[in-house]
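Now for the letters of each chain:
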Amino acid sequence: MYLEIITPDKKVFAGEVEAAKFPGTNGSFEVLDLHAPLISTLDTGQIRITTNAGQEFFTVDGGVVEVLNNRIIVLAESVLA
């Protein structure tokens, strides 16, 4: 899957991931390969991504995530790596 994490200021992350876990407004959820289409709002919390190199964490302050055709786009208000 291809993931992009974008804020109004910059692109924070772009690359292939094996899994991504998000702090959804109604609870956390994980996206894996070939996930069904989804749009969700994000609460303040941590995004955990799993790549071939291991795990990375990004703290977001709200936003929106869209999953479509094995691409994930996160539009976050702000991100702390």
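Data block above holds the structure.
The structure contained in this document is the topic of the report that follows. Only a predicted model underlies this, so the values are computations on that prediction, with no experimental measurement involved. (Residues numbered from 1 in each chain as written. Predicted model: local features only at pLDDT ≥ 70, side-chain atom pairs only at ≥ 80, totals over all residues. Heavy atoms only, no water.)

Quick notes on the pairing of strand β1 (residues 2-6)
Then comes step 1: For β1 and strand β2 (residues 11-16), the ladder comprises 5 bridges, and the chain directions are antiparallel. The residue bridging Tyr2 from the neighbouring strand is Glu16, located in β2.
Then comes step 2: Taking the residues that link successive antiparallel strands as the turn, the β1-β2 hairpin has 4 residues.
Then comes step 3: For β1 and strand β7 (residues 71-76), the ladder comprises 5 bridges, and the chain directions are parallel. Counted as the bridge partner of Ile6 is Leu75 from β7. (Pairing = 2+ DSSP bridges. Helix = DSSP H or I, 4+ residues; strand = E, 2+ residues; numbered from the N terminus.)

So, the nonpolar core
Then comes step 1: Of all hydrophobic cores here, the largest spans 20 residues; its most connected members are Leu3, Ile5, Phe22, Ile47, Ile49, Ile72 and Val74.
Then comes step 2: Every element with two or more residues in this core is listed here: β1, β3 (19-24), β4 (27-32), β5 (38-51), β6 (54-68) and β7.
Then comes step 3: Counting residues per element, this core draws most heavily on β6, at 4 residues.
Then comes step 4: Excluding residues that lie within four positions of it along the chain, Leu3 makes contacts with Phe13, Ala14, Gly15, Val17, Phe22, Ile49, Ile72 and Val74. (Core = buried A, V, L, I, M, F, W, Y, C linked by side-chain atoms within 4.5 Å. Buried < 20%, exposed > 50% of the residue type's maximum accessible area, 1.4 Å probe, protein only. Contact = heavy atoms within 4.5 Å.)

Purely geometric stuff here, so don't read any function into it on its own.
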